[in-house]
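Single-letter residue listing:
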Amino acid sequence: MMKLKPCQLTFSPPFCPNPGCVHHRFSSPGFAKKNGITKTIKAPQINQRFLCRACGVQFSQNTFDFDFRKKLIHLSKNVLNFAMNGMSHSSIARELKVSKGSVNLRLKNLAHQSLLFEKEKNVDKISENIAYDGFETFTFSQYSPCYINTAVGMTSHFIYHNTFSPLNRKGRMTDLQKLRQLDLLKKHGAYPKDSIYQESRYIFNEINAKVDKRIQLFSDEHQSYRRAFNQTINKISHETISSRARRNARNPLFAINHLHLLYRHFLCSQKRETIAFQKHEGAMLEKVQLMKIYRNFFQPKFTKKNRYDEFAHLWSPAMYLKIVDRVLEFRDVFGMRRLRTHFKFDERENDFLDRHYPYSRQKMAN
Ligand SMILES: [Zn+2]
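Peer 1: Before we move on, could you go through the overall build of the protein chain and cite the residues and values that matter?
Peer 2: Scanning the protein chain from N- to C-terminus turns up 12 helices and eight strands. Here the C-alpha atoms of the protein chain give a radius of gyration of 23 Å, agreeing with the 21 Å that 2.2 N^0.38 yields for 366 residues. Across its three principal axes, the protein chain shows a C-alpha extent of roughly 75 × 50 × 40 Å. Classification of the 366 residues of the protein chain by burial places 49% in the buried group. Counting contacts in the protein chain only where the partners sit at least 6 residues apart, residues at least 24 apart contribute 61% of the total. As displayed, the protein chain has an accessible area near 20,200 Å², and 51% of this comes from carbon and sulfur atoms.

See the structure below:
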């Protein structure tokens, strides 16, 4: 006879995993009855099974576990920490003695789950000034440059938005590079030309919908930002800062310059002259999504004490927004598996979860 551990004896399923069931969104206590146990090869070796009284669907305790259908448990935490601290996927795979495909898959799952966590924590009010700018980088090759459009809170350093804009390569090229560029254009066509404008408009609209008092949005003098701002119904005012202004802590764009510095420091794929560059738009967005969660919830705003802000080395950006009351740990965010059917997503978020990038020139598994 197998013996159940205390955590298994007390576990009661939070909802029915069947999206069509009445207990999927709103469950009542005792909606499911125990339905035997199965032996598993991973700890704790026993898995309690359940049967929904309403729809008859069977599920188990593992269904609600982040490591659902994963052979190795507790791998994801290391994968996340290593990836967010400057290690390449290959190095992580070598260090943890798993395949590179496993690392990629875990990062994808983490990124998607982190978006669901964000939905649950939902920021519905913005009451601080915003710094906005694009982080210029590339995916796969220098023929596919791109912008990560980022909106950051100037006081809290909370990252509100990250969206992706592919760019068409411009600037000086050798004759050989021009030929290669023509080849690629003939094969794939050009990237959308007004992506920065479209993405900026989307972000400005999102911010506007959450603003409860008049705030300022600071950006550099990029034409697309100005155009996007003029097309938005605004409760916010727009200030531009010259990109030649000194990039120190007094610069209104400090929060965003600081974040972009951290991208270069902490993401292996964003280091200069790296061979671990991002191979696909989707993987890039997933990585910045994870950095968003890592920065917003897992770390204090600054590592060191700050003389202008006594909480900077203690509070995470999310604590400034009063969404959480402490710096979170891996278990707090990824302790439970969230289901996509519990939340509503807009088009961009659905594309992110489906890995749908129609303009991409590379293939990526779903
Ligand atoms: Zn059910």
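What follows continues from the structure just given.
Peer 1: Go over the coordination of the zinc ion with me, naming the residues and quoting the values.
Peer 2: Under perfect tetrahedral coordination by four donors, a metal shows angles of 109.5 degrees; under perfect octahedral coordination by six donors, it shows angles of 90 or 180 degrees. Distances from the zinc ion to its protein donors, namely Cys-16 (SG), Cys-21 (SG), Cys-52 (SG) and Cys-55 (SG), fall within the range 2.3 Å. Seen from the zinc ion, its four donor atoms lie at angles of 105 to 113 degrees, and the figure they make is tetrahedral. We note that the donor set of the zinc ion lies within a single chain, spaced as C-x4-C-x30-C-x2-C. Here Cys-21, found in the loop between α1 (6-10) and β1 (32-39), pairs with Cys-55, found in the loop between β2 (46-52) and β3 (58-60); they are 34 residues apart in sequence, far enough to count as distant.

Peer 1: Could you give me a rundown of the pattern of salt bridges, with the residues and numbers involved?
Peer 2: Close approach of charged atoms lets side chains of opposite charge pair. One pass over the structure, following the stated rule, counts 10 salt bridges. Residues Asp-212 and Lys-125 are paired through a salt bridge, measuring 3.9 Å at the closest nitrogen-oxygen approach. Remark: Lys-125 occurs in the loop between α4 (100-121) and β4 (130-138) and Asp-212 occurs in the loop between α6 (195-210) and β7 (215-219); sequence separation between them is 87 residues. Note that Lys-301 is salt-bridged to Asp-309, the shortest N-O span being 2.9 Å. For the pair shown, Lys-301 and Asp-309 are each scored as buried.

Peer 1: Go over the nonpolar core, please, and point to the residues and values.
Peer 2: Membership of the largest hydrophobic core comes to 76 residues, with the highest contact counts inside it found for Leu-80, Ile-207, Phe-297 and Phe-298. For this core, the leading source of residues is helix α9 (residues 281-298), giving nine residues. Discounting chain neighbours no more than four positions away, the residues touching Phe-298 are Leu-80, Ile-293, Val-327, Leu-328, Glu-329, Phe-330, Val-333 and Phe-334. Phe-15, Cys-21, Phe-59 and Leu-339 belong to the second largest nonpolar core, which has 10 residues in total.

Peer 1: Describe in detail the sheet that holds β2, supporting the description with residues and values.
Peer 2: Pairing between sheet strands relies on hydrogen bonds along the backbone, with the strands arranged either parallel or antiparallel. In spatial order, the strands read β1-β2-β3; together these three strands make up an open sheet with antiparallel pairing. If you trace the sheet from one side to the other, it starts and ends with β1 and β3, each paired once. Across the sheet, the mean angle from the axis of one strand to that of its neighbour is 30 degrees, orientation sign disregarded.

Peer 1: A description of the environment of Val-333 should follow, citing residues and the corresponding values.
Peer 2: Turning to its location among the elements, Val-333 is positioned in helix α11 (residues 330-334). A residue is classified by how much of its surface remains accessible, and Val-333, at 1% relative accessible area, is buried. Remark: the alpha-carbon pair of Val-333 and Phe-66, spanning 267 residues in sequence, is separated by 9.9 Å. Not counting residues within four places of it along the chain, the set of residues in contact with Val-333 comprises Phe-117, Ile-293, Phe-298, Leu-328 and Arg-338.

Peer 1: Lay out the side chain of Asn-168 in plain terms, naming residues and giving numbers.
Peer 2: Tracing the chain through its elements places Asn-168 in the loop between β6 (159-166) and α5 (175-188). For Asn-168, the side chain forms a polar contact with the main-chain nitrogen of Tyr-191, separated by 2.8 Å. Sequence-distant contacts of Asn-168, that is, excluding residues within four places in its chain, are made with Pro-145, Ala-190, Tyr-191, Pro-192 and Lys-193.

Peer 1: Now, about α5: what can you tell me, with residues and values included?
Peer 2: Helix length check: α5, at 14 residues, gives a terminal C-alpha distance of 20 Å against a target of 20 Å (1.5 Å per residue), a fit within 8%. Among the residues trailing α5, Gly-189 stands out with phi positive, at a value near 80 degrees.

Peer 1: So what about unusual backbone geometry? Which residues, and what values?
Peer 2: Its identity as a non-glycine residue notwithstanding, Lys-97 has a phi of 55 degrees, on the positive side. A positive phi angle, close to 55 degrees, is found at Arg-355, a residue other than glycine. Tracing the sequence through the fold places Arg-355 in the segment after α12 (347-354). Judged by relative accessible area, which is 15%, Arg-355 ranks as buried.

Peer 1: Account for the pairing of β1, naming residues and giving values.
Peer 2: Side chains on a regular strand alternate between the two faces of the sheet. Where β1 lies against β2, six bridges are found, and the strand directions are antiparallel. Looking at β2, one finds that Lys-34 is bridged to Phe-50. Linking β1 back to β2 in an antiparallel pair, the connection comprises six residues, with Gln-45 at a positive phi of about 70 degrees.

Peer 1: Summarise the packing of helix α2 (residues 75-83) against helix α3 (residues 89-96); cite the residues concerned and give the values.
Peer 2: Axis angle and axis distance: for two packed helices, these are the angle between their axes and the distance between the axes, and together they describe the pair. α3 packs onto α2 with a crossing angle of 140 degrees between their chain directions and a minimal axis gap of 10 Å. One finds that α2 runs oblique with respect to α3. For the crossing formed where α2 meets α3, the hand is right-handed. In contact with Leu-75, Asn-78, Val-79, Phe-82 and Ala-83 of α2, α3 contributes Ile-92, Glu-95 and Leu-96. Taken together, the residues that form the contact of α2 with α3 break down as six nonpolar, one polar and one charged.

Peer 1: Account for α6, naming residues and giving values.
Peer 2: The terminal C-alpha atoms of α6, which comprises 16 residues, lie 23 Å apart, in line with the 22 Å expected from a rise of 1.5 Å per residue. Turning to α6, its buried residues are Ser-195, Ile-196, Tyr-197, Glu-199, Ser-200, Tyr-202, Ile-203, Phe-204, Ile-207 and Asn-208.

Peer 1: How would you summarise a nonpolar patch on the surface if you had to cite specific residues and measurements?
Peer 2: A contiguous nonpolar surface patch, about 410 Å² in accessible area, is contributed by Leu-176, Leu-179, Leu-182 and Leu-185. Inspection of the secondary structure puts Leu-179 in helix α5. Using a relative accessible area of 54% as the deciding quantity, one classes Leu-179 as exposed.

What counts and what doesn't
Residues numbered from 1 in each chain as written. Predicted model: local features only at pLDDT ≥ 70, side-chain atom pairs only at ≥ 80, totals over all residues. Heavy atoms only, no water. Helix = DSSP H or I, 4+ residues; strand = E, 2+ residues; numbered from the N terminus. Rg over C-alpha atoms; globule rule 2.2 N^0.38 Å. Buried < 20%, exposed > 50% of the residue type's maximum accessible area, 1.4 Å probe, protein only. Contact = heavy atoms within 4.5 Å. Areas by Shrake-Rupley, 256 points an atom, 1.4 Å probe, with all protein chains shown as cover. Donors = N, O, S within 2.8 Å, 3.2 Å for Na, K, Ca; no water. Tetrahedral: all angles 85-135°; square planar, octahedral: opposite > 155°, others 65-115°. Salt bridge = Lys/Arg side-chain N within 4 Å of Asp/Glu carboxyl O. Core = buried A, V, L, I, M, F, W, Y, C linked by side-chain atoms within 4.5 Å. Pairing = 2+ DSSP bridges. Axes fitted to C-alpha atoms, helices over the stretch in contact; angles between N-to-C directions. Polar contact = N/O pair within 3.5 Å; in protein donor to acceptor, adjacent residues only side chain to side chain. Expected span 1.5 Å × (residues − 1). Parallel < 35°, antiparallel > 145°, perpendicular 65-115°, else oblique. Left-handed = near helix turned anticlockwise from the far one by under 90°. Nonpolar A, V, L, I, M, F, W, Y, C, P; charged D, E, K, R; others polar. Patch = residues over 30% accessible without salt bridge, like charges linked within 9 Å, V, L, I, M, F, W, Y side chains within 5 Å.

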